[in-house]
Number of protein chains: 2
Amino acid sequence: MSMEQKTDKVYQQVIDYISCLIKEGILKKGDKIPTERDLSVRFGVSRNSIREALKILEVIGLVVRRQGDGTFIKEQFDDCLTEPLSMVFMLEEIGIDDIFQFRNMIEVQTVVLAASRITDAEIQQLEMTYQNMIRETDDVNKAKYDIEFHHIIAKASRNVLILNSYNVMSSLMGAFINNIRIKVLEGGGTEEVVSAIHKKILEALKSRDPQLAEVAIKEHMEVINSMFKQV
Amino acid sequence: MSMEQKTDKVYQQVIDYISCLIKEGILKKGDKIPTERDLSVRFGVSRNSIREALKILEVIGLVVRRQGDGTFIKEQFDDCLTEPLSMVFMLEEIGIDDIFQFRNMIEVQTVVLAASRITDAEIQQLEMTYQNMIRETDDVNKAKYDIEFHHIIAKASRNVLILNSYNVMSSLMGAFINNIRIKVLEGGGTEEVVSAIHKKILEALKSRDPQLAEVAIKEHMEVINSMFKQV
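Worth saying up front: this structure is predicted, and the values here are computed from it rather than measured.

(A) The arrangement of the overall build of chain A in detail. Counting its regular elements, chain A contains eleven helices and two strands. For chain A, the sequential pattern of α-helices and β-strands runs α-α-α-β-β-α-α-α-α-α-α-α-α. Within the span of chain A, comprising 231 residues, buried residues form 52% of the whole. By sequence separation, contacts in chain A at least 24 residues apart represent 66% of the contacts at least 6 residues apart. Accessible surface for chain A amounts to roughly 10,500 Å². Of this, 50% is attributable to carbon and sulfur atoms.

Okay, structure coming up:
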């Protein structure tokens, strides 16, 4: 966070205090945070200043304010910060290659981790999504199943840090590379090739073999990268 | 960002507007954003409401406000969002294993990319940092050179998305695993082993060989992971 304008930064002090309570483990997911009144007494400032700090935490996606009930630490952080992150990445003028490398890094790791962590229920869900994907005739719906397929795997990695990166990547893909799937197919990819690589990933995960899974996902990444570049 | 409390969210409208200007490429790094007066006329709200929105953007780390001069898009986003992200990760109760897997994913990718992108000047800088690291006798300073060594490589990856993830990871390592280097050495690691794996990475980068570099960094990760687990 910015260190400029030290003075008049009541909101920074309040945020630091909440941050501290979180880091100490005193505040957990879903917990109610101290009231505006408590905070305004503690910091000796107006309730307006406190409200400002809480609004900032809300925009960041850390807390949710419920009218008449108070302010609570959120339960879910899946999409937290993806909006500001995508603004930053726009400003950095990232290119398609950057996104592909980023995607490559994350997808490979999620699949490898998922291979030893995926539950039977998730395998079933993945199998169903795969079947839906190959049966579907509408391109837009097909793409949705494709995205769902990868998202199930990302969740099965059971690593919040990596899942969070996955979600950032996923929203970047959505913002920067519209309809990648359609472009890949227009670029000479056939439905059969795309289906076959997903099948391979599915089978590797079913046999819970991280090495097989790594080979399969790397093949997937290579196929879409090369097809996309032909466009 | 939260979708609750739709009403009274002037700040969200202002943020969306700035976000839109960024995504359209109208606002770039270092640019001055519209004045409080302009924004208050555009949105038909008080300048206080506008100021609130700008404060939020400042805390997120997107803009910097200069007294009497206006508000500017930042030039550098290296550390942007690491503070809120580390709060989120605390709340998700991440473990050491999560951080190691996350680190593993990022370090391998940065080294592989750096192998074909590192400049001669960066190779020199890396060599110097390596020499300083092995010559240094003070543990704290030695650790600083070690961190610098990896950071030079991360920058040489020339991928903002991956560098940004690296910085988040790095600040997590700092916050959660204090003095990892000292723990690795206490856990039975010898200075010689640690030096040798860094030397191997350096040589692989010098020969600009991504495959050799991948082998070297994976060995590095395995060595510290296994040593750390013995502690």
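(B) Fine view of the interface of chain B and chain A. Contacts between chain B and chain A engage 59 residues on the former and 60 residues on the latter. Interface area, chain B with chain A, both sides summed: about 6,100 Å², of which 65% is carbon and sulfur. Per-residue buried area on chain B facing chain A is highest for V59(B), L91(B) and L161(B); these three make up 13% of the total on that side. On the surface where chain B and chain A come into contact, there are two salt bridges. For K55(A), the salt bridge goes to E52(B), with nearest N and O atoms at 3.0 Å. There are six residue pairs in polar contact (both at pLDDT 80 or more) connecting chain B and chain A. Every element with two or more residues in the side of chain B that touches chain A is listed here: α1 (10-23), α3 (47-60), β1 (63-66), α4 (82-91), α5 (96-117), α8 (160-176) and α11 (210-230) of chain B. Here the element with the most residues in the side of chain B that touches chain A is α5(B); it accounts for ten residues. A per-class count over the side of chain B that touches chain A returns 31 nonpolar, eleven polar and 17 charged.

(C) Examining the pairing of strand β2 (residues 70-73) of chain B more closely. Residue and element names in this part refer to chain B. The pairing of β1 with β2 spans four bridges and is classified as antiparallel. Looking at the pairing, V64 lines up with F72 of β2. Between β1 and the antiparallel strand that follows it, β2, lie three residues; G68 among them carries a positive phi value of about 75°.

(D) Structural context of the layout of surface pockets. Counted as a void, the largest pocket has a volume near 910 Å³. Q109(A), E214(A), V108(B), E214(B) and K218(B) are the residues nearest the centre of the largest pocket, which is lined by 32 residues in total. Looking at the lining of the largest pocket, the elements that each hand over two or more residues are α5 (96-117) and α11 (210-230) of chain A together with α5 and α11 of chain B. Here the lining of the largest pocket takes ten residues from α5(B), the largest share from any one element. The residue inventory of the lining of the largest pocket, partitioned by class, reads 13 nonpolar, ten polar and nine charged.

(E) Spotlight on the packing of aromatic side chains. All names here are of chain A. In this structure the tally under the stated criterion is two aromatic pairs over all chains. With a centroid separation of 5.6 Å and 80° between ring planes, the pair formed by Y17 and F43 is classed as edge-to-face. One end of the pair, Y17, is in helix α1 (residues 10-23); the other, F43, is in helix α2 (residues 36-43), with 26 residues separating them in the sequence. On the basis of relative accessible area, F43 is assigned to the partly exposed category, the value being 21%.

(F) Representation of the relation of the copies chain B and chain A in the model. Placing chain B over chain A gives an RMSD of 0.1 Å and needs a rotation angle of 180°, together with 0.0 Å of translation along the axis. Accordingly, the operation relating the two chain copies is best matched by a two-fold axis. Closest approach to the rotation axis among the C-alpha atoms of chain B is made by I56(B), whose C-alpha sits 2.6 Å away. Comparing interface residues between copies, 100% of those in chain B also sit at the interface in chain A, which points to an isologous, same-surface contact.

(G) Representation of the side chain of S157(B) within the structure. Relative to the assigned elements, S157(B) resides in the loop between α7 (139-156) and α8. Here S157(B) is in contact with T110(B), L113(B), A114(B), R117(B) and I162(B), once residues within four sequence places are set aside.

(H) Spotlight on the pattern of salt bridges. Residue and element names in this part refer to chain A. Within this structure, the stated rule accounts for 26 salt bridges over all chains. Here D120 and R208 are joined by a salt bridge, their closest N and O atoms 3.1 Å apart. Taken together, the residues D120 in helix α6 (residues 120-135) and R208 in the loop between α10 (191-206) and α11 connect sequence positions 88 residues apart. We classify D120 as exposed; its relative accessible area is 58%. What makes R208 partly exposed here is its relative accessible area of 34%. Note that E214 is salt-bridged to K218, the shortest N-O span being 3.0 Å. In this pair, E214 and K218 are both assigned in helix α11, four residues apart and thus about one turn of the helix distant. Through salt bridges that share partners, E127, K199, E203 and K206 make up one connected network.

Procedures and definitions
Residues numbered from 1 in each chain as written. Chains lettered and ligands numbered in written order. Predicted model: local features only at pLDDT ≥ 70, side-chain atom pairs only at ≥ 80, totals over all residues. Heavy atoms only, no water. Helix = DSSP H or I, 4+ residues; strand = E, 2+ residues; numbered from the N terminus. Buried < 20%, exposed > 50% of the residue type's maximum accessible area, 1.4 Å probe, protein only. Contact = heavy atoms within 4.5 Å. Areas by Shrake-Rupley, 256 points an atom, 1.4 Å probe, with all protein chains shown as cover. Buried area = accessible area lost by both parts, 1.4 Å probe. Salt bridge = Lys/Arg side-chain N within 4 Å of Asp/Glu carboxyl O. Polar contact = N/O pair within 3.5 Å; in protein donor to acceptor, adjacent residues only side chain to side chain. Nonpolar A, V, L, I, M, F, W, Y, C, P; charged D, E, K, R; others polar. Pairing = 2+ DSSP bridges. 1 Å grid on protein atoms, 1.4 Å probe; cavity = no way out; pocket = protein on both sides within 12 Å on 5 of 7 lines; lining within 4 Å. Points joined across faces, edges and corners; volume = space filled by probe spheres on them. Phe/Tyr/Trp six-rings, centres within 6.5 Å; stacked < 30°, edge-to-face > 60°. Least-squares fit on C-alpha atoms with pLDDT ≥ 70 in both.

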